Amino acid sequence: MNLILLGPPGAGKGTQAEILTKQLNIKTVSTGVMLRAAMREGTELGKLAKQYIDDGKLVPDSVVVGIVKERLSQDDLKNGFILDGFPRTIAQAEALDATGIKIDYVLSLECDEKVILERLTGRRECKVCGTPYHIKTKPVPTNGKCVCGGEIVQRPDDNEETIKNRLKVYHEQTEPIKAYYESQGKVISVDSSKTAQITNDAVFEALGLDKQEA
Ligand code: ADP
Ligand code: ZN
């Protein structure tokens, strides 16, 4: 199964991806995680991405499309994948379609802005694997480290100013993707304003999957 997770920053894409990856036994490809890894390593890609990410802007389509195409061509995704954070513009969605890779469903996580702001300001993230944490709903383990051993930090782009920019960018550039996939009959909308577990149950039901089987 090839899935796309769509929704505003803070809607819970990373959290659902983390759960679904285990349940469906398919890998997640997260452009945010890939770009932050490149920034940490200080590669050319990382240096370029940083100029956009720090301001809450989108990294140029050509750059993101390039890294995603390369990743999707790898063998470990033959049985399926979950895309988190891509596509984020109509041009990216078109570039993905042009590869001929079939997308089965686009899970649209619906969540209002008040909840989003609360989530993003309390969010923490593993620097190494990208696993999300939250000061209230998913506290950092007592040793201060991620399950993978990585350091857990607050993302620099999770400050109020940048969050506002990211939400604006989302409405202007990413939200139109929903209609794009609706015209392909692929969109499944799920309320993601409650807990991660409730959202996950709703996702399973919407996909017609049985929790017992997973
Ligand atoms: P969130 O969904 O919380 O905004 P992500 O980790 O998905 O977080 O993305 C963080 C930042 O990385 C974005 O604000 C953007 O600058 C950049 N980015 C991630 N994915 C893409 C993409 N598909 N196209 C352009 N920029 C991207
Ligand atoms: Zn980790």
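Our subject is the structure that appears above.
Residues numbered from 1 in each chain as written. Chains lettered and ligands numbered in written order. Predicted model: local features only at pLDDT ≥ 70, side-chain atom pairs only at ≥ 80, totals over all residues. Heavy atoms only, no water.

Caption draft 1: Here's a closer look at helix α1 (residues 13-24). The end-to-end C-alpha separation of α1 is 15 Å, in line with the 16 Å expected for 12 residues at 1.5 Å each. Of the positions making up α1, those classed as buried are Lys13, Gln16, Ala17, Leu20 and Leu24. The arc enclosing the buried residues of α1, seen along the axis, measures out at 105°, which places them on a common side. On its buried side, α1 packs onto β1 (2-6), β2 (27-30), β3 (81-84), β4 (105-110) and α9 (196-206). (Helix = DSSP H or I, 4+ residues; strand = E, 2+ residues; numbered from the N terminus. Expected span 1.5 Å × (residues − 1). Buried < 20%, exposed > 50% of the residue type's maximum accessible area, 1.4 Å probe, protein only. Arc of directions from axis to C-beta. Contact = heavy atoms within 4.5 Å.)

Caption draft 2: The arrangement of the coordination of the zinc ion (ligand 2) in detail. Within the first shell, the zinc ion (ligand 2) binds the protein through Cys126 (SG), Cys129 (SG), Cys146 (SG) and Cys148 (SG), at distances of 2.3 Å. Classification of the site at the zinc ion (ligand 2) as tetrahedral follows from its 4 donor atoms and the range of 105 to 115° in their angles at the metal. Judged by relative accessible area, Cys126 falls into the buried class, the value being 1%. (Donors = N, O, S within 2.8 Å, 3.2 Å for Na, K, Ca; no water. Tetrahedral: all angles 85-135°; square planar, octahedral: opposite > 155°, others 65-115°.)

Caption draft 3: Geometry of the packing of helix α4 (residues 61-72) against helix α5 (residues 90-98). At their nearest, the axes of α4 and α5 sit 10 Å apart, and the two run at 30° to each other. Taken together, the axes of α4 and α5 are roughly parallel relative to one another. As for the relative orientation of α4 and α5, their crossing is right-handed in sense. Contacts from Asp61, Val64, Val65, Lys69 and Leu72 of α4 reach α5 at Ala91, Gln92, Ala95 and Leu96. (Axes fitted to C-alpha atoms, helices over the stretch in contact; angles between N-to-C directions. Parallel < 35°, antiparallel > 145°, perpendicular 65-115°, else oblique. Left-handed = near helix turned anticlockwise from the far one by under 90°.)

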